[in-house]
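# Analysis of the macromolecular model
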Amino acid sequence: MSDISLIVLLPLLAAVLTAALPPQAAAVGALATALNALLAANLGRQILQGGPVTEAIGDWAAPLGIAFVADGLAGVMLAMTAIVGLAVSLQAAAGPARAGFWPLWMATLGALNGLFLSSDLFNIYVAFEILGLAAVGLTALAGTRAALRAAFDYLTAGLVGSLLVLLGIALSYSVTGRVDMEAVVLLTQSDTGRIALALIAAGLVVKAALFPLHFWMPAAHSSAAPAASALLSALVVKGALYLVLRLSLEGGAGTEFLRNTLAVLGAGGMLWGAWNALRAERLKLLVAHSTVAQIGLIALAIGVAGNPFETGLWQAAALLMLSHALAKAAMFLAVGRIAEALGHDRISGLNREELRPGPAEFAFAIAAISLVGLPPTAGFIGKWFLIEGLIDEGGIHWIALILLGTALSAAYLSRVVSRCLRGGPHVAATAQRPPWRTGDVAALGLATGALLLGLAAALPITLLETPFA
Amino acid sequence: MSSVLPLAILMTSLGVAPVILMMPDSARRLRTGFNLAAASLKVALVAWLSYEVAHGASFDLRHSIAPGLELHLQADALSVLFLALSSILWLLTTIYAVGYLEGGTDRSRFFGFFSLCVASTVGIAMAGNLFTFLVFFELLTLATWPLVVHRGTSEAHRAGRIYLAYTLGGGLALTLGTIWLYALAGEVAFEPRGVLGELPQTAPLALTAIFVLLIAGVGVKAALVPLHGWLPLSMVAPAPVSALLHAVAVVKAGAFGIMRIVYDVYGVETVQAMGLAAPLAGLAALTILWGSFRALTQDDLKKRLAYSTVSQVSYITLGVALISPVAAIGGLAHLVHQGIMKITLFLAAGNFAEGEGVKTVRAMDGMGQRMPGAMLAFTVGALGMIGIPPLAGFVSKWYLGAGGLDAGQPMVIALLAGSSLLNAAYFLPILYRGWFCPVPEGATPGRRLGWMLAIPPATTATLVLAAGLLASAPFSPLGWTRFIVSLEYL
């Protein structure tokens, strides 16, 4: 069995095992996450050395068979998932994990890997369904009334999204008679085909929580447990965004109308999310609204990429996805630790505590630098390529919006960080720092990774530049 | 070898910062020992580097981040000027800060970010292209913020917010200008006489817009009017931070940025030909006068010094913008001269506050008797600022004035005379009160300050005197700037 099928099957197998053996769930889950990271690294190495890796399941070629393809973009996404997964698993294995976390997380991992590697629409739909259901489970895991309510809304929104995607895929099959990615180009050539694409895109917009269809998301991400929020915000929404990017690269978002809509919605989300984050009173809610804003930025980047292969704009989008995944997961883990140490997550109360700022608050600050997109983070490199590409295309209004979004993100994140810099009269001389916990290590590790990734951006960019399958 | 030295100079503060941040507050001896060892090592390394650069060696350290984006550290003569200033003053300020914060809280955080601040300054000094400059320029913003809010009061946090809004806003302008220039010209390395080639002819409008963006970006930190609003507010920070902000790190990074943009990105001839020099000089002149006027009415000693900084830093900009080699020598030398004079003033002012609880001009009566050492240092700094020979400030003003004549701008003489009169008008009353007014009735003797607070201002005051007296020596700031200017103008 090749690495490609293994990286999809291993987590799914682990999902079954962890569900069957609850006492050993943490050990099995952590082991599977570690193996997944090794497989992803190995696959990345293969892509760097020999270009895209393809596997036709059962040796049936397209359009009949199912093919898995690992190209550079998929490789970057697999690595992103593996790294975030390692940190979240570290935190979950050390903390008091709820029963059910590991099977759900393993299913999420398998579904994401499958999604990134699939090269036909039907396979993608299946992976997407598993992902959506596992994500709803992760949301509900906290067990509070708010979490259950949010999970129900999430389920409803997810079903609507899935139905739209399914409808689109069915329509696309009736137009083109095939489900592999070649179909996408054909779709752009007929009216019915364009409707099919629009349906798929609409479904993905719901699933990606892109403004204005993000209504379900802040509640879901802010009421889930920290490890679950980190997975949902960093990885699960990326599944849908990845697909938008992939379809766009295959020529699907090549229709002018879809691209423009995507960019406009993205800009709207960037501003709306930032505005809500500015007004948020609770830390988790602020971070969740910041995800709305960041998804907006990424969607904008995908939307403005005119001819994707001629500009670096889509690479900017991929880099922004990568850096957001690391930084946002770090931030949710850090927020979890802050709330645990202080007993609450009210922003106004952060500087009134008799606790000195600890490592989690430091991790939050570093992750914030990444999210704002200040150098030398990967977020900065992503924004650099985005703005450089827009200058070449004369998209000055988009640049103005991006800069405005950046300024707003600095404003809402500094609200929190300035309170983490508490000292002087607000803290007694005898106040202690909270002790180190594993969650701090995971958060700080991810945040530092997001910071340093900017210095090592050559690696993901080289991966992205390998030719497509 | 040629790549190790710049890296070592960077790491003696960039690598030191995380270690200090991780140390517990109680590990005072360990932290201080480590910090001072690193600072001393850096001075030694910079001395070595200066020697090598003076003898024609070149240093290069490159790390590719992405196609077309490269982190590049190098050491040219202009770098060495700023490196020497920041490494020496960092050592002195660190000693001072250790004494000043004795018994305070959050000292590991303070010294950690203090190191990070100097790491950014050093990175700015050695940046070999605009991208690298931008990276360290933004790092400087972030590293200074925790220092500004260090006291933790609401006033400090308000000042911190305003500081952040100004500097991040400036950072956005600088970022946009940098990306735009990269999109037009490819990699923008720093080379004497500029790197733009034919672009001034083919895309003059875009280049003008980029110039405005870049200068506005660095102008916030250089406190060019009207972008100077953050500076007087950030005086709530502890004295060593103010000293560092005003003399070495933030405002100097801004002024240094203006030099790099004018000299090594655009080149003086292009700036002149595009008609950008005169507006810049006008802005500098306005800032010089405005800062001095505002300084006149400040009773708070540190605020008066802050407005004085607004004014004095623009001498550097003026020297750059006059487009005359003689003025350039004055401006560049003032980068160092203003640094040592202003740090002397701030350290002495910090001692007045620590020793006698004196924070306002009005309370300065009899300071010459109460704290003769600190008052003497303050006097040397103040007289230097006014431009009394043979102190360092006189040398800068002399060259600036001569440069004004050289550039055919005799108005510069009037500007300098007016500014010096204003300098005298806001500094001499302080000196008068300190030396000639009696100690007020009922003033209780303050606490004695340790050597850590006394030595640094005494040292910098001596440097002010030496930089003036020995101005013609080859390794004086003036001698070194002549060397730099000869590269740009010959």
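Residues numbered from 1 in each chain as written. Chains lettered and ligands numbered in written order. Predicted model: local features only at pLDDT ≥ 70, side-chain atom pairs only at ≥ 80, totals over all residues. Heavy atoms only, no water.

Contact with chain A, which involves 37 residues of that partner, is made by 36 residues of chain B. Buried area between chain A and chain B, summed over both chains or domains, comes out near 3,000 Å², and the portion from carbon and sulfur atoms is 77%. The largest contributions to the chain A side of the interface with chain B come from Trp 384, Leu 421 and Leu 455 of chain A, which together make up 22% of the buried area. At the junction of chain A with chain B, the criterion picks out zero salt bridges. (Contact = heavy atoms within 4.5 Å. Buried area = accessible area lost by both parts, 1.4 Å probe. Salt bridge = Lys/Arg side-chain N within 4 Å of Asp/Glu carboxyl O.)

To continue, consider the packing of aromatic side chains. Evaluated as defined, the whole model comprises 22 aromatic pairs over all chains. The interplanar angle of 85 degrees and the centroid separation of 5.2 Å between the aromatic rings of Trp 384 of chain A and Phe 131 of chain B together place this pair among those described as edge-to-face. Of this pair, Trp 384 of chain A sits in helix 15 (residues 378-393) while Phe 131 of chain B sits in helix 6 (residues 130-148), which puts the two residues in different chains. Taking the relative accessible area as the measure of exposure, Trp 384 of chain A reaches 1% and is therefore buried. (Phe/Tyr/Trp six-rings, centres within 6.5 Å; stacked < 30°, edge-to-face > 60°. Helix = DSSP H or I, 4+ residues; strand = E, 2+ residues; numbered from the N terminus. Buried < 20%, exposed > 50% of the residue type's maximum accessible area, 1.4 Å probe, protein only.)

A cluster of nonpolar side chains, namely Leu 90, Trp 436 and Val 441 of chain A together with Met 22 of chain B, defines an oily patch on the protein surface of about 420 Å² accessible area. Of note, Trp 436 of chain A is situated in the loop between helix 16 (396-420) and helix 17 (438-453). A residue is classified by how much of its surface remains accessible, and Trp 436 of chain A, at 45% relative accessible area, is partly exposed. (Patch = residues over 30% accessible without salt bridge, like charges linked within 9 Å, V, L, I, M, F, W, Y side chains within 5 Å. Areas by Shrake-Rupley, 256 points an atom, 1.4 Å probe, with all protein chains shown as cover.)

Oppositely charged side chains may form a pair once their charged atoms are brought near each other. Residues and elements named next belong to chain A. The full count for this structure, using the stated rule, is 14 salt bridges over all chains. In this structure, Asp 191 engages Arg 194 in a salt bridge whose closest nitrogen and oxygen atoms are separated by 2.9 Å. Of the two residues, Asp 191 and Arg 194 are both situated in helix 8 (residues 191-207); the distance of three residues between them amounts to about one turn of the helix. We classify Asp 191 as exposed; its relative accessible area is 54%. Judged by relative accessible area, which is 34%, Arg 194 ranks as partly exposed. A single salt-bridge network, built from bridges that share partners, covers Arg 337, Glu 340 and Asp 440.

Another point: the pairing of strand 2 (residues 69-74) of chain B. Residue and element names in this part refer to chain B. Within strand 2, six of the six residues are buried, which leaves the element mostly enclosed by the surrounding structure. Side chains Leu 69, Leu 71 and Leu 73 project from strand 2 onto one buried face, and the interleaved Glu 70, His 72 and Gln 74 project onto a second face that is buried too. As judged from the six bridges shared by strand 1 (residues 60-66) and strand 2, these two strands associate in the antiparallel manner. Residue pairing in the sheet places Ser 64 in a bridge with Glu 70 of strand 2. The hairpin turn running from strand 1 into strand 2, its antiparallel successor, is two residues long, and Gly 68 in that turn takes a positive phi close to 85 degrees. (Pairing = 2+ DSSP bridges.)

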